[in-house]
Amino acid sequence: MSGETGQAGSGDDPGFGSADLSNCEREPIHLAASIQPHGALLALREPDLTILQASANAAAFIGAAAPVQGRRLTQVDARIARALAPLLAEKLDEVPAAFRARLDGVVLDGMAHRPAGGGLILELERAGPEENFAGRIEPAMQAILASYALRPLCDEAARIFRRLTGYDRVMIYRFDEDHHGEVFAEERDPSLEPYLGNRYPDSDIPQVARRLYIRNRVRVVADVHYAPVPLEPRLSPLTGRDLDMSLCVLRSTSPLHIQYLKNMGVGATLVASIMVGGRLWGLVSCHHDSPRRAPFALRAVVELLAEAVGTRIAALESFVLAQSELSVRRLEQRMIEAISRDGDWRSALFDNPNTLLAPLNASGAALLFEGQTQTMGDVPSTAALREIGQWLDGQPRRPVMATAGLAQEAPALAGLAPVACGVLAAPISPTPGEYVIWFRPEQVRTVTWGGDPTKPVEVGADPRDLSPRRSFAKWHQVVEGRAEPWTPKDLATARMVGDTVGDVVLQFRSVRMLIAEDQLSQIRRQVGNSPQAVVICDAQGNIDLRNDAFDALLPGVRGAAPRRIDQILPFFADPTEIGHRLRDVLDNRRSWRGEARLADGMGAGRPLLVRADPVFSSPDRVLGYVFLFNDLAERKAAEAARRRFQQGIEEGSRSRAGRLDRQADLAFRAILASVVENAQLAALEITDGVDVAQMPEQLESVRASVARTAEVLEALIRHAGQPGSRPGDRPDDHSGDDPG
């Protein structure tokens, strides 16, 4: 809806501006070789800062003698060179740095970065009107922090960005699992047609453009009717190729995208990326009916607040998963109590609809276990459930398997759509045919698209004359054969339930092995094939069974072949303490839940969670003991990541805050504190989450977001403190300012 198309590719790829809709996916939009005319661009060689390339308007824009190519920046304008000098020691390869230069009667805002291929790119624009952005950021940050659900957060974000930018329409645009987009929240001028709820096909913003949005977080088209200003010479003298303009804010936009905007009746756009957990979650998309500039300070504030929104979304998503985990832990406790009370765990799964159905918004659920079925709610017949189990057995083995359109994936099961159009299954053991399965019925619904998604192009008089579609009238599509899609939260909850039931199944089968000798062979295979490390002992501590997962956990255990449970002590970092614990279990018939560390020869040891339980046949007779071992390495790594994150956030905030020593900087200090508070709240929700393997990466994503936001904030501070940034420093001549 507000993205470009194209990327660099093979020699057959179209050049920038020569793509049509048959090959626009390969258009190298970052190699535009031209800029929008409201600014100027200089490409410099380092370290002498000789100008190798310049936009055709550069000399006139800065009032220099033409041409500027081949001359050093100090010779062209020493004032720009002096303003740039403090930035040259920085990396400038990920986030451009800002500076401000005062020329004769004109104040310029500059951006500097180092592109791939070497050199230094300067982009210059007329400085915008003075605004008290600091006083507007803090209330916006507090409003973002106060939002405790996704919908209110996005509604509030749309209001914040419209008040801040003044654009006619502001949309919070969210991508779904199929890469289609939806206008999830909207604030607009009352005279405009509402787009809220409209969907747009993935072809409107192809993946290549989305990847560029991850690098360059804010993109502006100041006037869709602009005439591009070429770079001279076109090819970079440093590389012999087109200049990589991925991070350029002035970069020309694909003509196809410009035509798309014209077809929509849009005069100018500002688009900011919303990043969640390192992925492009959506966009803040601002449209204006007439030309409108977005000066540096406004772009910086938009990027800062978009980062804050992404961080808050990450926190809310993690909070939802943490709540799901809590409900699953309660289910686990009820299943354990049911084993003690009834000798079976299955009754706890089906004693209340809230147990299985409510957390996943499912209409029915079934348990397939040891050839038997138990059900709740609206489910297919027993024969159909077995067919579904056989179909699941034929799918690639995964922690969860999900489809919202069973008929498309298993045509033979199409007749089940009224009750089982959507299927979500979690294996509960390595044995084929054993699953917890949730169902959703077919949901015949009308989807509103912003134009016909099947006709993204218009064909002119010449069949080769293709252009983006011209009609954006609401187009309604009746969708059949689909259930309500399973969300990432549904998948995570199902995985937790599957893991928990799987643990209980393993425990239950271990107990039955001790009780029922006639089932020993079958149960031994089931326990032995489990990925859960387990050791089963008799009443004297002699090992009756240890599985391959346990052998894999302890290096060298195969050769040592322990026959008693206490013979595993040498494998632990603290055998004395573990020995005390084992004796307490065996002598006093008490359960043990605790942490132990395997000896790894490197000091700290590998952490394990040990769960030991006596198995009673009567109150005074013990049949044996079951020991389960869980590897805690990932959890410990996640905890370490959390500590590093907290330390880094605190040190970074102290370092940044230490630079803010003037009275005028107190407002920015408050903003930095809000940024850190938002990140710390997000970290708390993330570390309360379930998937510990992904936790370090998610924390690093939040840390990177804070670092990036701090850089943007520091640029704002630097910008506010430079000549012309305060009312007393304003030049007398305001003719160069553009209030748009």
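Cut-offs applied
- Residues numbered from 1 in each chain as written.
- Predicted model: local features only at pLDDT ≥ 70, side-chain atom pairs only at ≥ 80, totals over all residues.
- Heavy atoms only, no water.
- Helix = DSSP H or I, 4+ residues; strand = E, 2+ residues; numbered from the N terminus.
- Buried < 20%, exposed > 50% of the residue type's maximum accessible area, 1.4 Å probe, protein only.
- Areas by Shrake-Rupley, 256 points an atom, 1.4 Å probe, with all protein chains shown as cover.
- Axes fitted to C-alpha atoms, helices over the stretch in contact; angles between N-to-C directions.
- Parallel < 35°, antiparallel > 145°, perpendicular 65-115°, else oblique.
- Contact = heavy atoms within 4.5 Å.
- Nonpolar A, V, L, I, M, F, W, Y, C, P; charged D, E, K, R; others polar.
- Pairing = 2+ DSSP bridges.
- Expected span 1.5 Å × (residues − 1).
- Arc of directions from axis to C-beta.
- Polar contact = N/O pair within 3.5 Å; in protein donor to acceptor, adjacent residues only side chain to side chain.
- Phe/Tyr/Trp six-rings, centres within 6.5 Å; stacked < 30°, edge-to-face > 60°.
- Lys NZ or Arg CZ within 6 Å of the ring centre and 35° of its normal.

### Describing the overall build of the protein chain
Now for step 1: Broken down by element type, the protein chain carries 21 helices and 27 strands.
Now for step 2: Burial status across the protein chain gives 54% buried among its 740 residues.
Now for step 3: Carbon and sulfur atoms make up 50% of the accessible area of the protein chain, which amounts to about 31,500 Å² in all.

### Comments concerning the packing of helix 5 (residues 150–165) against helix 8 (residues 296–342)
Each pair of packed helices can be described by the angle between their axes along with the distance between the axes.
Now for step 1: Relative orientation of the contacting elements helix 5 and helix 8 amounts to 175°, with a least axis distance of 11 Å. One finds that helix 5 runs roughly antiparallel with respect to helix 8. Contact residues: L150, L153, A157, I160, F161, L164 and T165 in helix 5; L298, V301, V302, L305, A306, V309, R312, I313 and L316 in helix 8.
Now for step 2: In terms of residue class, the contact of helix 5 with helix 8 is made up of 14 nonpolar, one polar and one charged.

### Considerations on the pairing of strand 6 (residues 120–126)
Side chains on a regular strand alternate between the two faces of the sheet.
Now for step 1: Of all seven residues in strand 6, six are buried, a share of seventy percent or more.
Now for step 2: In this sheet, strand 6 lies alongside strand 2 (residues 39–45) in antiparallel orientation, the contact comprising six bridges. Across the sheet, L42 pairs through a bridge with L122, a residue of strand 6.
Now for step 3: Direction of pairing for strand 5 (residues 106–113) relative to strand 6: antiparallel, over a ladder of six bridges. Paired with L108 across the strands is R126, a residue of strand 6.
Now for step 4: Here strand 5 folds back onto strand 6 in antiparallel fashion, the turn holding six residues, of which G117 has a positive phi close to 105°.

### Description of the side chain of H288
Now for step 1: Inspection of the secondary structure assignment puts H288 in strand 13 (residues 279–288).
Now for step 2: Under the relative-accessibility criterion, H288 is labelled buried at 9%.
Now for step 3: With near-sequence residues (within four places) excluded, H288 lies in contact with G166, Y167, D168, V266, G267 and A268.

### Observations concerning helix 4 (residues 133–145)
The α-helix winds at 3.6 residues per turn, so residues separated by three or four positions along the chain end up facing the same way.
Now for step 1: The terminal C-alpha atoms of helix 4, which comprises 13 residues, lie 18 Å apart, in line with the 18 Å expected from a rise of 1.5 Å per residue.
Now for step 2: Along helix 4, the residues that are buried comprise F133, A134, I137, A140, M141, I144 and L145. Within helix 4, the buried residues cover an arc of 130° as seen down the axis, which keeps them to one side.
Now for step 3: For helix 4, the N-terminal capping position is held by N132, with its side-chain oxygen 3.2 Å away from the main-chain nitrogen of G135.

### Quick look at the environment of Q69
Now for step 1: Position of Q69 relative to the elements: it lies in the loop between helix 1 (58–62) and helix 2 (73–76).
Now for step 2: In this structure the C-alpha to C-alpha distance between Q69 and A43, which are 26 residues apart in sequence, comes to 9.2 Å.
Now for step 3: Not counting the four nearest positions on each side in its chain, Q69 is found in contact with I51, L52, Q53, A54 and E232.
Now for step 4: Separated by 2.8 Å, the side chain of Q69 and the backbone oxygen of E232 make a polar contact.

### Observations regarding the sheet that holds strand 11 (residues 229–232)
Now for step 1: Strand order in the open sheet formed by seven strands is 1-11-3-2-6-5-4, and the pairing between neighbours is antiparallel. Single-partner strands in this sheet number two, and they are strand 1 (34–35) and strand 4 (97–103).
Now for step 2: By the bridge criterion, four bridges tie strand 2 to strand 3 (residues 50–55) in an arrangement that is antiparallel. The partner of L44 across the bridge, within strand 3, is I51.

### Re the sheet that holds strand 15 (residues 372–377)
Now for step 1: What the five strands build is an open sheet, ordered 15-14-18-17-16; its pairing is antiparallel. The open sheet terminates on both sides in strands that have one partner only, identified here as strand 15 and strand 16 (401–403). Adjacent strand axes in the sheet meet at a mean angle of 10° when their direction is disregarded.
Now for step 2: Seen against the sheet, helix 11 (residues 382–393) touches strand 14 (364–369), strand 15, strand 16, strand 17 (422–427) and strand 18 (435–440) and runs at an angle of roughly 110° to strand 18.

### Concerning the packing of helix 4 against helix 5
Now for step 1: Remark: helix 4 packs on helix 5, axes separated minimally by 10 Å, with the N-to-C direction vectors making an angle of 170°. The orientation of helix 4 with respect to helix 5, classified from their angle, is roughly antiparallel. Judged by residue contacts, F133, R136, A140, A143 and I144 of helix 4 engage L153, E156, I160, R163 and L164 from helix 5.
Now for step 2: Per-class residue counts for the contact of helix 4 with helix 5 are seven nonpolar, no polar and three charged.

### Section: unusual backbone geometry
Now for step 1: Omega for the bond connecting E46 with P47 falls within 30 degrees of zero, at 10°, which places this linkage in the cis form.
Now for step 2: Residue placement: P47 occurs in the loop between strand 2 and strand 3.
Now for step 3: The amide bond that connects E232 to the next residue, P233, takes the cis arrangement and shows omega of -10°.
Now for step 4: Mapping P233 onto the fold places it in the loop between strand 11 and helix 7 (255–264).
Now for step 5: At N361, a residue that is not glycine, the phi angle is positive and equals roughly 50°.
Now for step 6: Position of N361 relative to the elements: it lies in the loop between helix 10 (353–356) and strand 14.
Now for step 7: Accessibility expressed as a relative area gives 48% for N361, which makes it partly exposed.

### Concerning the packing of aromatic side chains
To describe a pair of aromatic rings, you give the distance between the ring centres and the angle between the ring planes.
Now for step 1: A complete count under the given rule lists three aromatic pairs for this structure.
Now for step 2: Between Y173 and F175 the ring centres are 5.6 Å apart and the planes differ by 85°, which places this aromatic pair in the edge-to-face class.
Now for step 3: According to the relative accessible area criterion, F175 is buried, its value standing at 13%.
Now for step 4: With 5.2 Å between their ring centres and 50° between their planes, F550 and F629 make a pair best called tilted. Here F629 lies in strand 27 (residues 621–631) and F550 lies in helix 16 (residues 548–553), a separation of 79 residues in the sequence. Pair check on accessibility: F550 and F629 agree, each one buried.
Now for step 5: It is R169 that lies over the ring of Y195; its NZ or CZ is 3.7 Å from the centre.
Now for step 6: The ring of Y167 has R292 sitting right over it, with the charged end atom 5.4 Å from the ring centre.

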